[in-house]
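Coordinate inspection notes
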Amino acid sequence: MMSRVQLGMMLGMVAALAGCTSEHEELQAWMAQERAQTHPSVQPISPPQKFNPQRYEVGETVEPFSAQKLIVVLKQDRSQPNSAVAAELNRRKEPLEAFPLDSMSMVGSVARKGVQYALLKVDNLLYQVKVGDYLGQNFGRIMKLTETEIELREIVQDASGEWIERPAALQLQEGGH
């Protein structure tokens, strides 16, 4: 015979299983009720319109898809740089424009007569630069100087060949290397 404890456990398990089935039954009943009450509203699709193709008459006009036309336009764009680049190409180069920016290091700064100068080390030589001077090989112009940084504006070509401005900076190198 079963003990009272075992009998109590069996009754508890039966009650728990009965509760699970009623929970699923309630969910199923609710889903059926919602399906019955919900009616989708679908707008009918209008029939497609008839397409009438038009014949392209070349005549004396220029072929719009001509590869030769595209080549001529690209050559014109490259031979006529925009105004920002044209101004940079027509000015006299400064000595520090012969070096790439990654070969320069800022080693300090000094102020004389109210003008802030940065000290740059390039090829073991020390140079003084101020706002408005040019650095690097990408038409880099110094826009702002602080005690710890030189902020530049460079003009470079992007992947499509367009000339764009981008910011660059040189940070103060600790230890002067």
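Residues numbered from 1 in each chain as written. Predicted model: local features only at pLDDT ≥ 70, side-chain atom pairs only at ≥ 80, totals over all residues. Heavy atoms only, no water.

Now for the overall build of the chain. The helix and strand inventory of the chain stands at three helices and seven strands. For the chain, the sequential pattern of α-helices and β-strands runs α-α-α-β-β-β-β-β-β-β. Here the chain, with 177 residues, has 19% of them falling under the buried criterion. Residue pairs in contact within the chain that sit at least 24 positions apart in sequence constitute 38% of those at least 6 positions apart. (Helix = DSSP H or I, 4+ residues; strand = E, 2+ residues; numbered from the N terminus. Buried < 20%, exposed > 50% of the residue type's maximum accessible area, 1.4 Å probe, protein only. Contact = heavy atoms within 4.5 Å.)

Moving on to the packing of aromatic side chains. Applying the stated rule across the entire model yields one aromatic pair. Ring geometry for Phe139 and Trp163: centres 6.3 Å apart, planes at 65°, overall edge-to-face. Taken as a pair, Phe139 in the loop between strand S4 (134–135) and strand S5 (140–145) and Trp163 in strand S7 (residues 163–171) lie far apart in primary sequence, 24 residues in all. Phe139 sits in the buried class, given a relative accessible area of 10%. Judged by relative accessible area, which is 28%, Trp163 ranks as partly exposed. The lysine or arginine in question, Arg91, covers the ring of Tyr134, its NZ or CZ lying 3.4 Å from the ring centre. Arg112 extends its terminal NZ or CZ atom over the ring of Tyr117, reaching a point 5.0 Å from the ring centre. (Phe/Tyr/Trp six-rings, centres within 6.5 Å; stacked < 30°, edge-to-face > 60°. Lys NZ or Arg CZ within 6 Å of the ring centre and 35° of its normal.)

As summarised here, the arrangement of the four strands in space is S4-S5-S6-S7, forming an open sheet in which the pairing is antiparallel. Looking at strand neighbours, the two that pair on one side only are S4 and S7, the edges of this open sheet. (Pairing = 2+ DSSP bridges.)

Another aspect to go through is the nonpolar core. Core analysis: the largest hydrophobic core is formed by 15 residues, its most contacted members being Met104, Leu120, Val129, Leu135 and Ile150. Top contributing element to this core by residue count: strand S2 (residues 115–122), with three residues. (Core = buried A, V, L, I, M, F, W, Y, C linked by side-chain atoms within 4.5 Å.)

Structurally, the position occupied by Glu149 is in strand S6 (residues 149–157). For the buried residue Glu149, which engages in no salt bridge, the nearest side chain bearing the opposite charge is Lys144, 6.6 Å off. Here Gln171 takes part through its side chain, which lies 2.5 Å from a polar atom of the side chain of Glu149. Aside from chain neighbours lying at most four places away, what touches Glu149 is Met106, Lys144, Ala169, Leu170 and Gln171. (Lys, Arg positive; Asp, Glu negative; His and termini not counted. Salt bridge = Lys/Arg side-chain N within 4 Å of Asp/Glu carboxyl O. Polar contact = N/O pair within 3.5 Å; in protein donor to acceptor, adjacent residues only side chain to side chain.)

Further remarks concern the pattern of salt bridges. Overall, the coordinates contain three salt bridges when judged by the stated rule. For the salt bridge of Arg91 with Glu97, the shortest nitrogen-to-oxygen distance reads 2.7 Å. Here the two residues Arg91 and Glu97 agree in accessibility, since each one is buried. Across the pair Asp133 and Lys130 runs a salt bridge whose closest N-O atoms are separated by 3.3 Å. On the basis of relative accessibility, which here comes to 34%, the residue Lys130 falls in the partly exposed class.

Looking now at the pairing of strand S1 (residues 104–112). Relative to S2, S1 is paired through eight bridges, and the arrangement is antiparallel. From the neighbouring strand, Arg112 faces S2, where its bridge partner is Val115. Following S1, the chain reverses through two residues before pairing antiparallel with S2; Lys113 in that reversal takes a positive phi of roughly 50°.

In this section: the sheet that holds S1. Read from one edge of the open sheet, three strands run S1-S2-S3, paired in antiparallel fashion. For this open sheet the edge positions go to S1 and strand S3 (125–129), each flanked by a neighbour on one side alone. Across the sheet, the mean angle separating the axes of adjacent strands is 25° when strand polarity is ignored. As judged from the five bridges shared by S2 and S3, these two strands associate in the antiparallel manner. Considered in S3, the bridge of Ala118 is made with Val129. (Axes fitted to C-alpha atoms, helices over the stretch in contact; angles between N-to-C directions.)

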